[in-house]
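Structural overview
The residues making up each chain are set out below.
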Amino acid sequence: MARNKIKLQYISNNALRRVTLKKRLSGLLKKVEELSVLCGVDTCGIVYSPGEATPQAVWPQPQDARRILRTFNSMPEVECTRKMNNHLAFMQERVGNLRDKVATRASDDPKLEVSVNPYYLVVSLYGKIIWPHLGSSLPSLPSLL
């Protein structure tokens, strides 16, 4: 039987909130452990409750978590953020991939028509839109093109 979808909102009932935290916390730490085992990577999970100075839950043991955090903190910042993406970097990568795709298809099909607008990247192949309206929330989009 399928479960009902729950609303993600703050639980105002203190007892219910504590029970929910306890159940979800064990599930979260289980996922951290599974990630470590399945992928063979060092992982740690540390959960703090609001207003408390000591963590409510730590996986693995606190000394192992400290070792993992020391290793991470001793890495150069370039190494730590190498694969991190922000919104702008993601969009630049996406636009670059789409340009490559357009260039490939344009060389394959002479009927391909391409139009670029600061807030649209539309590729029209017999009327098919591949990239929809990006919205005005990306004012730096013209610099991407």
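All figures in this text were calculated on a predicted structure; none of them were measured in a lab.

What counts and how
- Residues numbered from 1 in each chain as written.
- Predicted model: local features only at pLDDT ≥ 70, side-chain atom pairs only at ≥ 80, totals over all residues.
- Heavy atoms only, no water.
- Helix = DSSP H or I, 4+ residues; strand = E, 2+ residues; numbered from the N terminus.
- Buried < 20%, exposed > 50% of the residue type's maximum accessible area, 1.4 Å probe, protein only.
- Contact = heavy atoms within 4.5 Å.
- Areas by Shrake-Rupley, 256 points an atom, 1.4 Å probe, with all protein chains shown as cover.
- Polar contact = N/O pair within 3.5 Å; in protein donor to acceptor, adjacent residues only side chain to side chain.
- Salt bridge = Lys/Arg side-chain N within 4 Å of Asp/Glu carboxyl O.
- 1 Å grid on protein atoms, 1.4 Å probe; cavity = no way out; pocket = protein on both sides within 12 Å on 5 of 7 lines; lining within 4 Å.
- Points joined across faces, edges and corners; volume = space filled by probe spheres on them.
- Nonpolar A, V, L, I, M, F, W, Y, C, P; charged D, E, K, R; others polar.
- Expected span 1.5 Å × (residues − 1).
- Patch = residues over 30% accessible without salt bridge, like charges linked within 9 Å, V, L, I, M, F, W, Y side chains within 5 Å.
- Arc of directions from axis to C-beta.

1. Notes on the overall build of the protein
When you go through the protein residue by residue, the secondary structure sums to five helices and five strands. Each of the 145 residues in the protein was classed as buried or not, and the buried ones make up 19%. Of all intrachain contacts in the protein linking residues separated by at least 6 positions in sequence, the fraction that spans at least 24 positions is 33%. Looking at the protein as shown, the accessible area adds up to about 11,900 Å², and 56% of this sits on carbon and sulfur atoms.

2. Things to note about the side chain of Ser 49
By the element assignment, Ser 49 lies in the loop between β1 (45-47) and β2 (57-59). Taking relative accessible area as the criterion, Ser 49 reaches 12% and is therefore assigned buried. Engagement of the side chain of Ser 49 in a polar contact is seen with the side chain of Gln 56, the distance being 2.2 Å.

3. Comments concerning the pattern of salt bridges
For the coordinates displayed, the defined rule picks out two salt bridges. Here Glu 34 makes a salt bridge to Lys 31, at a shortest N to O gap of 3.7 Å. Here the residue Glu 34 and the residue Lys 31 both occupy positions in helix α1 (residues 14-39), the gap between them amounting to three residues, near one helical turn. For Glu 34, a relative accessible area of 30% gives the class partly exposed. Since its relative accessible area comes to 55%, Lys 31 is described here as exposed. Note that Asp 42 and Arg 67 form a salt bridge whose closest N and O atoms lie 3.7 Å from each other. Placement of Asp 42 in the loop between α1 and β1 and of Arg 67 in helix α2 (residues 62-74) is noted, with a sequence separation of 25 residues between them.

4. Here's the deal with the layout of surface pockets
In this structure, the largest pocket spans a volume of roughly 280 Å³. For the largest pocket, the full set of lining residues is Ile 6, Lys 7, Leu 8, Gln 9, Tyr 10, Ile 11, Leu 16, Arg 17, Thr 20, Leu 21 and Arg 24. Tallied by class, the residues present in the lining of the largest pocket amount to six nonpolar, two polar and three charged. Asn 14, Arg 17, Arg 18, Leu 21, Val 47, Tyr 48, Ser 49, Pro 50, Glu 52 and Gln 56 together form the lining of the second largest pocket.

5. Points about α1
The end-to-end C-alpha distance of α1, which contains 26 residues, comes to 37 Å, matching closely the 38 Å that a straight helix rising 1.5 Å per residue would cover. The set of residues buried in α1 consists of Leu 25, Leu 29, Val 32 and Ser 36. For α1, the capping residue at the N-terminal end is Asn 13, with a side-chain oxygen 3.1 Å from the backbone nitrogen of Ala 15. With its phi angle positive at about 65°, Gly 40 sits one or two positions after the end of α1.

6. A word on a nonpolar patch on the surface
Judged by side-chain polarity, Ile 46, Tyr 48 and Leu 69 come together as a nonpolar surface patch covering roughly 260 Å² of accessible area. Turning to its location among the elements, Ile 46 is positioned in strand β1.

7. With respect to helix α4 (residues 87-108)
Helical periodicity: at 3.6 residues per turn, an α-helix aligns residues three or four positions apart in one direction. Across its 22 residues, α4 extends 32 Å between first and last C-alpha, which sits within 8% of the 32 Å expected from 1.5 Å per residue. By the burial criterion, the buried members of α4 are Met 91, Val 95, Leu 98 and Val 102. Projection of α4 onto a plane perpendicular to its axis shows the buried side chains occupying an angular sector of 65°, all on one side. Facing away from the buried surface of α4 by more than 90 degrees, the exposed residues are Asp 100, Ser 107 and Asp 108.

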